[in-house]
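# A look at the structure
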Amino acid sequence: MIAYLNLIASLLLAPKGLGHYVRSHYLDNTFRQYGTLYRWNAFDTWLLVPYFIVMVILAFYGIHRYQLVYLYYKHRKNAAKSSEPPSRFPEDELPFVTIQLPTFNEQYVIDRLIDACCKLDYPRDRFEIQLLDDSTDETKEVAEQIVRRYAEGFPGMPPQPISFHHRENRYGYKAGALDAGLKNAKGELIAIFDADFVPPSDWLTKVIHHFAEPNVGMVQTRWTHLNRNYSFLTQVEAILLDGHFVLEHGGRHRANVFFNFNGTAGMWRRTAIDEAGGWQHDTLTEDTDLSYRAQLKGWHFKYLQDVECPAELPIEMTAFKTQQARWAKGLIQTGKKILPRVLKSDAPFHTKLEAWYHLTANISYPLMIILSTLLMPAMIIRSWQGYLQMLLIDFPLFMASTFSISSFYLVSQKELFPKTWYRTFLYLPFLMALGVGLTITNTKAVMEALFGMKSAFARTPKYRVQKKGEKNKAQKYRKRLGIIPWIELALGCYFAFTVWYAFESENYFTVPFLLLFVLGYWYTGLLSLLQGRFDRLAAGSGSEIHEKPYPVGI
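Bear in mind that the values here come from a model prediction, so they are computed numbers and not experimental data. (Residues numbered from 1 in each chain as written. Predicted model: local features only at pLDDT ≥ 70, side-chain atom pairs only at ≥ 80, totals over all residues. Heavy atoms only, no water.)

Along its length, the chain carries 20 helices and 7 strands. With 554 residues in all, the chain has 56% of them scored as buried. Split by element, the accessible area of the chain, about 24,800 Å² in all, is 62% carbon and sulfur. (Helix = DSSP H or I, 4+ residues; strand = E, 2+ residues; numbered from the N terminus. Buried < 20%, exposed > 50% of the residue type's maximum accessible area, 1.4 Å probe, protein only. Areas by Shrake-Rupley, 256 points an atom, 1.4 Å probe, with all protein chains shown as cover.)

We now examine the sheet that holds strand 4 (residues 189-192). The strand order across the open sheet built from 7 strands is 3-2-1-4-6-5-7, with neighbouring strands paired in mixed fashion. This sheet does not close on itself; its edge strands, each paired only once, are strand 3 (162-166) and strand 7 (300-311). In this sheet, adjacent strand axes meet at a mean angle of 20° when their direction is disregarded. Both strand 4 and strand 6 (residues 266-269) contribute to a ladder of 4 bridges, which runs antiparallel. Directly across from Leu 189, in strand 6, lies its bridge partner Arg 269. Of the strands in this sheet, strand 5 (216-225) and strand 7 touch helix 9 (residues 232-254), which is tilted by about 160° from strand 7. (Pairing = 2+ DSSP bridges. Axes fitted to C-alpha atoms, helices over the stretch in contact; angles between N-to-C directions. Contact = heavy atoms within 4.5 Å.)

Turning next to the side chain of Gln 160. Here Gln 160 shows up in the loop between helix 6 (139-152) and strand 3. Taking the relative accessible area as the measure of exposure, Gln 160 reaches 6% and is therefore buried. There is a polar contact of 2.7 Å between the side chain of Gln 160 and the side chain of Arg 124. Discounting chain neighbours no more than four positions away, the residues touching Gln 160 are Cys 118, Arg 124, Tyr 150 and Ala 151. (Polar contact = N/O pair within 3.5 Å; in protein donor to acceptor, adjacent residues only side chain to side chain.)

Aromatic ring pairs are described here by two measures, namely the spacing of the ring centres and the angle between the planes. The final tally for this structure, using the stated rule, is 25 aromatic pairs. Each ring, one from Trp 223 and one from Phe 245, has its centre 5.0 Å from the other, and the planes form 40°; the classification is tilted. Of this pair, Trp 223 sits in strand 5 while Phe 245 sits in helix 9, and the two are 22 residues apart along the sequence. Look at Phe 245 and you get buried, because its relative accessible area is 1%. Connected via pairs of aromatic rings, a cluster forms that spans Phe 259, Phe 261, Trp 268, Trp 279 and Phe 301. The ring of Phe 104 is capped by Arg 170, whose NZ or CZ atom sits 3.6 Å from the centre of that ring. (Phe/Tyr/Trp six-rings, centres within 6.5 Å; stacked < 30°, edge-to-face > 60°. Lys NZ or Arg CZ within 6 Å of the ring centre and 35° of its normal.)

Once that is clear, we can look at the pairing of strand 2 (residues 127-133). Taking burial as the measure, the 7 residues of strand 2 include 7 buried ones, the bulk of the element. Bridge analysis of strand 1 (residues 97-103) against strand 2 gives 7 bridges, and the strand direction is parallel. Bridge pairing links Thr 98 to Glu 128 in strand 2. Crossover handedness for the path strand 1 to helix 5 (residues 110-118) to strand 2: right-handed. (Right-handed = clockwise from strand over helix to strand, strands pointing away.)

This part takes up helix 6. Helical periodicity: at 3.6 residues per turn, an α-helix aligns residues three or four positions apart in one direction. Between its terminal C-alpha atoms helix 6 stretches 20 Å, which fits the 20 Å expected from 14 residues at 1.5 Å a residue. Among the residues of helix 6, those classed as buried are Thr 139, Ala 143, Ile 146, Val 147 and Tyr 150. Considered in projection along helix 6, the buried side chains sweep an arc of 100° and stay on one side of the axis. Facing away from the buried side of helix 6 by more than 90 degrees, the exposed set consists of Gln 145 and Glu 152. Buried-residue contacts for helix 6 involve helix 5, strand 2 and strand 3. Just past helix 6, the residue Gly 153 takes up positive phi, approximately 90°. (Expected span 1.5 Å × (residues − 1). Arc of directions from axis to C-beta.)

Written as structure tokens, this is what we have:
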């Protein structure tokens, strides 16, 4: 043991040892003080070329966020309003609507969903409800009993037009369930709600008349959040989704370019589904896939920002990661499938360009991994080359790729909450850090999509937890964590070292950006590892904890 310690000491303290190498290569300020001594070399070229390529690509996606804000305000006169449909159906000629409720192991929220749908304000002879259940646990029996109760009626609730449809296999997952339901559907219009949604009673009456225009194929409404204030994580998630529903959907719809159905809280014209080729399950985002195919067929989509449909946000980090990874992988799969058709179509150039940005946006996650790898050595080399270059080149690229995120979500909150939007400033560092923390999980998902690796539809489990202090039932469907949280913690430590080096080299303007990496990786890693630990203690040794009874995550 003493021999090993002596060896390490000699390596560190020898005049030409490891300590000297570190001091001379990384801690010596000679080149910074005498910048003219630095000479460009091949190694620096091979390192900085991919560094700047990644930075430029990320900057383009950042600039695109600014463009969406621009489109949102430039075309504000094109915003659709629920109270102002171009035409209306006569009251005695309202179309027949089929409401589809796809579910899978959702025992905690199934009764809330059915109750809300049965209270929709619409003539009972003009709609039907299909509960499309693929459950493999006790949800099947629970759902069947609830459907029977509402179909037969009870005090305060007359008999409702609801039916129960259970499949013994999950062929096609959600897309397969929706397609199977269509075979028995009587409606010319199809409304879809996921299990965690609670449509308000006037939802149908606000949406239905927009289908009086014969070219409208789909109407999407805005998600709101039942448990927005449950935790700090859900508050950040709500801001992320608000940005999507206000500026992405709003900007694209107002500019009359392609946008997507979100899989729930929307209504389709049955003819549009059929003409587009129906529900297909070769991607994990069957909603986006069908949306693009329908719009390529000439169907017009509408987005009603003023029509709200509340839903439940994931309350645990691994559930949130599962959701984001599914969306990331599904969009890349859809891009591989659909973009060639879009680029060959007769759609205007700006529509094709927007589709490209939309469907390839998640490629930024593997690019962030590359940037993470190159950031430390690139920072060293750039500091040797001079701070003026960093200020004129690196800093604008950083601002284009990162600051646009801040402005994007600030604008969305200002639109939704004009009196309290300034509070969003408190969440911005954590919002940006969370985006960084998702890079490992989402990069894995993106690479699987690029290399054609198939995976099951990983649903996001819901627990009917809305308020602070409510009991968390998450252990029922909690997934195993794997190695990813440990990788995230290790990357957080790596970037903590880069922060230290930035201070040592007086490269202060990079410190805030580097701290986002530290915070992001440590936040996602620690939350993934610590979630449920207190539940175990509360449950006690005599309680049964189900780690992963069903495939609910990556």
